[in-house]
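Descriptive structure summary
These are the residues of each chain, in order.
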Amino acid sequence: MYFLLSLFYSAVLQFFPGRLVLMNLLKSVNTRLQNHTGNEMSYETFREWLDNEDQSLDTALPEGERWVGCQGSVPHLRRYPCGIWTLFHVLTVQAKNTGGTDPQEVLSAMRNYVHSFFGCRDCAEHFQIMATESLSEVNTFSAAVLWLWSRHNRVNNRVAGALSEDPNFPKIQWPSPEMCPGCHSLKENGEHRWVQDQVLPFLLAHFSSSSILTDYLE
Ligand code: FAD
């Protein structure tokens, strides 16, 4: 479990385009994780580490939650699960843009993170099944970006209309034709077809580091 946390940290550290103060904090915690002996650690110990960091925790991760892109219409909707998807889409795109070495690295970190730490056990199980089915076939960075996009759409399809759906953010096959007209096409028999040559550049732009507002003010 502890080793898996370390893999997650490693992927975030390499590819997350975060503020310097946050990345320094993560780097320092990661070094401590690498040097830690033993197979497990209590939450209290981990929390103590964070509290005793030289980098001010308050500056890197200010107290209180302020959701922006994942703000729900009511407090129990969107937020953390939305943040997990968004984080990993950004990481797959950054791994492609910054020349990672292993196309499966980010997806494996996500798979392990979701398997070990994601509170919704049904969700984790479904994700694990999808990963077991086809993650090993991902052998380019573009394929990793598209794999996560298509699996996210499978989840959207499965959970559309569920209680967890925010009525202001209906689960759709994403991106919508309004967001990316060129991503959609029709087969000769009239069935919908994704134009992956258009979807990929759309995802690369949508989840690029330049789309992140590091100084967002309400
Ligand atoms: P989310 O689905 O969380 O998406 C976040 C944002 O990503 C969207 O607002 C949109 O901007 C963008 N987006 C949407 N679709 C795509 C796509 N295909 N590719 C790229 N970007 C996209 N809930 C369940 O009820 N059952 C489950 O089995 C389940 N499995 C989950 C598995 C995982 C790994 C995770 C992280 C979450 C799972 N959830 C599941 C939660 C669910 O998928 C949503 O995260 C949650 O309902 C919040 O939805 P949201 O409207 O904020 O959008």
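Here goes a summary of the coordinates provided. None of these values were measured; they are calculated from a predicted model.

The rules we used
- Residues numbered from 1 in each chain as written.
- Predicted model: local features only at pLDDT ≥ 70, side-chain atom pairs only at ≥ 80, totals over all residues.
- Heavy atoms only, no water.
- Helix = DSSP H or I, 4+ residues; strand = E, 2+ residues; numbered from the N terminus.
- Rg over C-alpha atoms; globule rule 2.2 N^0.38 Å.
- Buried < 20%, exposed > 50% of the residue type's maximum accessible area, 1.4 Å probe, protein only.
- Contact = heavy atoms within 4.5 Å.
- Lys, Arg positive; Asp, Glu negative; His and termini not counted.
- Charge placed at Lys NZ, Arg CZ, Asp CG, Glu CD.
- Phe/Tyr/Trp six-rings, centres within 6.5 Å; stacked < 30°, edge-to-face > 60°.
- Near = heavy atom within 4 Å.
- Polar contact = N/O pair within 3.5 Å; in protein donor to acceptor, adjacent residues only side chain to side chain.
- Areas by Shrake-Rupley, 256 points an atom, 1.4 Å probe, with all protein chains shown as cover.
- Expected span 1.5 Å × (residues − 1).
- Arc of directions from axis to C-beta.
- Salt bridge = Lys/Arg side-chain N within 4 Å of Asp/Glu carboxyl O.

1. So, the overall build of the chain
Scanning the chain for helices and strands turns up nine helices and two strands. Secondary structure elements of the chain occur, N-terminal to C-terminal, as α-α-α-α-α-α-α-α-β-β-α. Taking 218 residues into account, the globule formula puts the C-alpha radius of gyration at 17 Å, and the chain, at 18 Å, falls close to it. For the chain, the C-alpha atoms occupy an extent of roughly 60 × 40 × 35 Å along the three principal directions. Each of the 218 residues in the chain was classed as buried or not, and the buried ones make up 40%. Taking the intrachain contacts of the chain between residues at least 6 apart in sequence as the baseline, contacts between residues at least 24 apart amount to 58%. Of the charged side chains in the chain, 16 are positive and 23 negative, and the gap between their average positions amounts to 4 Å.

2. Overview of the environment of Pro181
Residue placement: Pro181 occurs in the loop between α8 (141–159) and β1 (184–186). Residues Pro181 and Asn39, 142 residues apart in the sequence, show an inter-C-alpha distance of 50 Å.

3. Quick notes on the packing of aromatic side chains
Per the stated rule, a full pass over the model turns up 13 aromatic pairs. Consider the rings of Trp85 and Phe127, whose centres lie 6.1 Å apart with planes at 75 degrees: the pair is edge-to-face. Remark: Phe127 occurs in helix α7 (residues 121–134) and Trp85 occurs in helix α5 (residues 79–97); sequence separation between them is 42 residues. Judged by relative accessible area, Phe127 falls into the buried class, the value being 5%. By way of ring pairs, the aromatic residues Phe8, Tyr9, Phe46, Trp49, Phe88, Tyr113 and Phe117 are connected into one cluster.

4. Re the site of the ligand
Around the ligand sit 23 residues, and of these Arg78, Trp149, His152, Asn153 and Arg158 come closest. Between His89 and the ligand, the recorded distance is 3.4 Å, taken from a side-chain N or O atom to a nitrogen atom. Ser164 places a polar side-chain atom, nitrogen or oxygen, 3.3 Å from an oxygen atom of the ligand. Expressed as a share of its isolated accessible area of 950 Å², the protein-covered part of the ligand is 89%. Broken down by secondary-structure element, the contributors of at least two residues to the shell around the ligand are α5, α7 and α8. Looking at the shell around the ligand element by element, the count peaks at seven residues for α8.

5. Looking at α7
Compared with an ideal rise of 1.5 Å per residue, which puts 14 residues at 20 Å, α7 spans 20 Å between its outermost C-alpha atoms and is within 8% of the ideal. Residues Ala124, Phe127, Met130, Ala131 and Ser134 constitute the buried set of α7. Around the axis of α7, the buried residues are gathered within 125 degrees of arc, so they sit on the same side. Structural note: α7 exposes Asp122, Glu125 and Thr132 on the side pointing more than 90 degrees away from its buried face. Tucked into the core, α7 has its buried residues touching α5, α6 (105–117) and α8.

6. Side note on the pattern of salt bridges
Within the structure shown, the criterion is met by three salt bridges. Note that Asp51 is salt-bridged to Arg47, the shortest N-O span being 3.2 Å. With Asp51 and Arg47 both in helix α3 (residues 43–51), this residue pair falls four residues apart, about one helical turn. Residue Asp51 is classed as partly exposed on the basis of its relative accessible area, which comes to 44%. Overall, the relative accessible area of 33% leaves Arg47 in the partly exposed class. Arg154 is the partner of Glu133 in a salt bridge, and the nearest nitrogen-oxygen pair spans 3.6 Å. Residue Glu133 is found in helix α7, and its partner Arg154 is found in helix α8; the two are separated by 21 residues along the sequence.

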